[in-house]
Amino acid sequence: MTAMPESHAAAERVQTGLSVELGRETPLQLDCGVSLGPFTLAYQTYGTLNEERSNAVLVCHALTGDQFVVGPHPLTGRPGWWEQMVGPGKTFDTDRYFVICSNTLGGCMGTSGPKEINPATGRPWGLDFPVITIRDMVKAQAMLLDHLGIEQLFCVSGGSMGGMQALQWVASYPERCYTAVPIACAAKHSAQNIALNEVGRQAIMADPDWREGRYQEDGVNPEGGLAVARMAAHITYLSESALQRKFGRALQDRSNVTYGFDADFQVESYLRHQGQAFVERFDANSYLYITRAIDYFDLAADYDGVLANAFRGVETRFCVISFTSDWLYPTSENRAIVRALAAVAANVSFVEVVSDKGHDAFLLDEPDMFETLRGFLSGAAARCGLGSL
Amino acid sequence: MNAGPQRRDMRQSARPDHRLIAELVEPGSRLLDIGCGDGALLELLAREKNVDGRGIEISQEGVNASVRRGLSVIQGDAETDLADYPDAAFDYVVLSQTLPAIRDPKGVLLELLRIGRSAIVSIPNFGHWRNRLHLLTRGRMPARAGSGELWYETPVIRPCTIKDFVMLCRELDIGIERRTQVDSRGRVRHFSGTGRFANLFGEQAVFLLSSERR
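No experiment lies behind these values; they were computed from the predicted model shown.

When its secondary structure is counted, chain B shows 8 helices and 8 strands. Here the C-alpha atoms of chain B give a radius of gyration of 16 Å, agreeing with the 17 Å that 2.2 N^0.38 yields for 214 residues. Taking the principal axes of its C-alpha atoms as reference, chain B extends roughly 45 × 40 × 30 Å. Across the 214 residues that make up chain B, the buried fraction comes to 59%. Look at the contacts in chain B between residues 6 or more apart in sequence, and 69% of them connect residues 24 or more apart. Carbon and sulfur atoms make up 49% of the accessible area of chain B, which amounts to about 9,300 Å² in all. Here chain B contributes 31 positively and 28 negatively charged side chains, and the mean placements of these two sets differ by 7 Å.

Below, the structure is given as structure tokens:
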């Protein structure tokens, strides 16, 4: 979610990466009732799987992330979205762990989603793609792990929507998660967050180029709508103080306001740039599907409305991390997860990192996050025989 | 002089009350340390007693330090967050030097014995003879040992003596399985009843509590 200046030429660069066809014999049973199969899951791996197959870390990306945790990104040429966290000698040390990240179901970087061809019609899925949930995403990832022959993950982790997936992973497959690290997330999407997502979707659907989701066949792209969705969302990833510190009321390449609607202020110019860069790498329909999946997420609802029931009897070791200035998934939401875990006396650590960088802090250089997570992982690794502290 | 919880300043591996607590704990048990500071006790118990330990700590720096050591610790407040835990979730719940900083000691003591089968409570003894002498001769509140913190600076809001604590346990029908005091030279002695001698010479005391009164 950082600035990604790219050229149109970059979008034509050939996408590289791994992918696998899944669900040909046993289709994926989606929450909406549809059986999906076969489908494609695009993924990347970093590091080496050990002989015991016990050092796998599944990293789950957020709304607009993808499988390219470490760069260069094949479309933008930029560093990966979690380059700070994953790599040799990093917190998720690829000299030690085998890191896997798959493009989410409904995504637009090679995994089956509205942009891909519907085998039944030979046309892009568009809105014929079934509506998916966080649980569906996790089921698809579990099928990938089966394909890779990995029974248990040493760790499942992610921030934001990735954190929701980590929670769902433990709820759905507790015995497959030795540790779970949900970061800056929530066990359910709040009314405010559903409202914010709806603004983004309406911006896309109000774009005349959206064409009921059939824009690909018409050779157009609802860029304006998608860019506005991104701009609105991007504000929620920052904090008031970070915006103030970065931009204040500074003007963009001018000494006076122009009494017009050009981007007079630096903050306007910055947001326009964010919107523009985003449309060059992301699909508008994917944005609709994935935000919907996040809206539908309410883990407790599957367990009689009691979140603690989702974790009853679970032996997974948790490390929950929140950020003081995150108002999208505030500490209170993260603490609700911790309380539910405490209610079943689960093994949980919880750290609130002091940062003024807002929700996006989980993607950025936050030494407190790295250090605490490193300690947590080392402790867990020592306990499960993955090396000493 | 020992008028307060010595949490951060004395969190060394050799803290005498930590040694005593470690002796009380059965190997391999499940334990919750409330007010665990930087996790020194939990680390000692994990290393020497193979304890499955958890911690609650109110200060974020303490939590971060604990998690960095590979311990399972959450940021939280003993006065509000113990309610989240189910009954008998732990073999032991430890409250080490934290009681005098708590607003509702009665409520917290009862919570300890709800969520733990046993509780281990260590307290600094305000009834130590040096404190008594200080108050008698100077007419001023003794500063917290080692810290030099004055009455308006200390986190201690409810200083108590060994006798006070024993009387409170009687009132709450809490059984005391073992009572031990540590004097200023680090010598450890068991005592009984309200511990007249202990209440004069003990700098701190460690109690093993159970919900069944003896």
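So, on to the overall build of chain A. If you tally the helices and strands in chain A, you get 10 helices and 12 strands. For chain A, the C-alpha radius of gyration of 21 Å lies close to 21 Å, the compact-globule estimate for 389 residues. If you line up chain A on its principal axes, its C-alpha atoms span 65 × 50 × 40 Å. Out of the 389 residues in chain A, the part that is buried amounts to 58%. By sequence separation, contacts in chain A at least 24 residues apart represent 72% of the contacts at least 6 residues apart. Counting only carbon and sulfur atoms, one obtains 51% of the accessible surface of chain A, whose full area is about 15,100 Å².

Tallying each qualifying case throughout the model produces 0 disulfides over all chains. Note on Cys108(A): no disulfide assigned, nearest cysteine sulfur contributed by Cys101(A) at a separation of 13 Å. Accessibility expressed as a relative area gives 3% for Cys108(A), which makes it buried. Counting only cysteine sulfurs, Cys169(B) is the nearest neighbor of Cys160(B), a cysteine outside any disulfide, at a range of 9.5 Å.

Looking now at the packing of helix H4 (residues 191-205) of chain A against helix H8 (residues 284-296) of chain A. Residue and element names in this part refer to chain A. Running from amino to carboxyl end, H4 crosses H8 at an angle of 160°, the nearest separation of the two axes being 10 Å. One way to sum up the angle between H4 and H8 is to call them roughly antiparallel. The handedness of the crossing between H4 and H8 is left-handed. Along the contact surface, H4 presents Asn193, Ile194, Asn197, Arg201, Ile204 and Met205, while H8 presents Ala284, Tyr287, Leu288, Thr291, Arg292, Ile294 and Asp295. Looking at the contact of H4 with H8, its residues break down into 7 nonpolar, 3 polar and 3 charged.

With that out of the way, let us pick up the pattern of salt bridges. Residues and elements named next belong to chain A. With the rule as written, the count across this model stands at 31 salt bridges over all chains. Ionic pairing is found between arginine 211 and aspartate 218, a salt bridge with its closest N-O pair at 3.4 Å. Residue arginine 211 is classed as partly exposed on the basis of its relative accessible area of 38%. Here aspartate 218 falls in the partly exposed class, since its relative accessible area comes to 41%. When the shortest N-O distance is used, the salt bridge between aspartate 262 and arginine 254 registers 3.6 Å. When salt bridges that share partners are traced, they join Arg123, Asp128, Arg214 and Glu217 into one network.

It is worth spelling out the domain arrangement of chain A at this point. Residues and elements named next belong to chain A. Assigned domains of chain A: these are domain 1 (8-189 + 298-383) and domain 2 (194-290). Put simply, the middle of domain 1 and the middle of domain 2, counted by C-alpha atoms, are 25 Å apart. Each side of the interface is counted separately: domain 1 has 33 residues, and domain 2 has 30 residues. Looking only at domain 1, the three residues that lose the most surface to domain 2 are Leu63, Thr64 and Leu127, adding up to 22% of its buried area. Run the count over domain 1 and domain 2 and you get 3 salt bridges. Linking domain 1 with domain 2 are 17 residue pairs in polar contact (both at pLDDT 80 or more). The class makeup of the residues in the side of domain 1 that touches domain 2 is 15 nonpolar, 12 polar and 6 charged.

Moving on, we get to the interface of chain B and chain A. Counting from both sides, the interface comprises 21 residues of chain B and, opposite them, 23 residues of chain A. Buried surface at the junction of chain B and chain A, summed over both partners, amounts to about 1,800 Å²; 46% is from carbon and sulfur atoms. A salt bridge links Glu371(A) to Arg68(B), with the nearest nitrogen and oxygen atoms 3.3 Å apart. Counting residues per element, the ones that place at least two in the side of chain B that touches chain A are strand S2 (52-57), helix H3 (60-68) and strand S3 (72-75) of chain B. Looking at which element gives the most residues to the side of chain B that touches chain A, the answer is H3(B), with 5 residues.

Of note, Gln252(A) is situated in the loop between helix H6 (240-246) and helix H7 (266-279). Here Asp253(A) takes part through its side chain, which lies 3.2 Å from a polar atom of the side chain of Gln252(A).

Residues and elements named next belong to chain A. Among the 5 residues that make up strand S8 (residues 98-102), 5 are buried, leaving the element largely enclosed by the rest of the structure. Both faces of S8 are covered, namely the face carrying Phe98, Ile100 and Ser102 and the face carrying Val99 and Cys101. Relative to S8, strand S4 (residues 39-46) runs antiparallel, the two sharing 4 bridges. In the sheet register, threonine 45 faces S8, and the bridge partner there is isoleucine 100. Sheet topology places strand S5 (residues 56-60) next to S8; 3 bridges connect them, and they run parallel.

Residues and elements named next belong to chain A. Where helix H2 (residues 134-148) meets helix H3 (residues 161-172), the axes come as close as 9 Å, and the angle between the chain directions of the two elements is 70°. Relative to H3, H2 is oriented roughly perpendicular. Handedness of the H2/H3 crossing: right-handed. Contacts between H2 and H3 involve Ile134, Arg135, Met137, Val138, Gln141, Ala142 and Leu145 from the first element and Met161, Met164, Gln165, Gln168, Trp169 and Ser172 from the second. Taken together, the residues of the contact of H2 with H3 break down into 8 nonpolar, 4 polar and 1 charged.

So, how was this worked out
Residues numbered from 1 in each chain as written. Chains lettered and ligands numbered in written order. Predicted model: local features only at pLDDT ≥ 70, side-chain atom pairs only at ≥ 80, totals over all residues. Heavy atoms only, no water. Helix = DSSP H or I, 4+ residues; strand = E, 2+ residues; numbered from the N terminus. Rg over C-alpha atoms; globule rule 2.2 N^0.38 Å. Buried < 20%, exposed > 50% of the residue type's maximum accessible area, 1.4 Å probe, protein only. Contact = heavy atoms within 4.5 Å. Areas by Shrake-Rupley, 256 points an atom, 1.4 Å probe, with all protein chains shown as cover. Lys, Arg positive; Asp, Glu negative; His and termini not counted. Charge placed at Lys NZ, Arg CZ, Asp CG, Glu CD. Disulfide = S-S within 2.5 Å. Axes fitted to C-alpha atoms, helices over the stretch in contact; angles between N-to-C directions. Parallel < 35°, antiparallel > 145°, perpendicular 65-115°, else oblique. Left-handed = near helix turned anticlockwise from the far one by under 90°. Nonpolar A, V, L, I, M, F, W, Y, C, P; charged D, E, K, R; others polar. Salt bridge = Lys/Arg side-chain N within 4 Å of Asp/Glu carboxyl O. Domains from an automatic or database assignment. Buried area = accessible area lost by both parts, 1.4 Å probe. Polar contact = N/O pair within 3.5 Å; in protein donor to acceptor, adjacent residues only side chain to side chain. Pairing = 2+ DSSP bridges.

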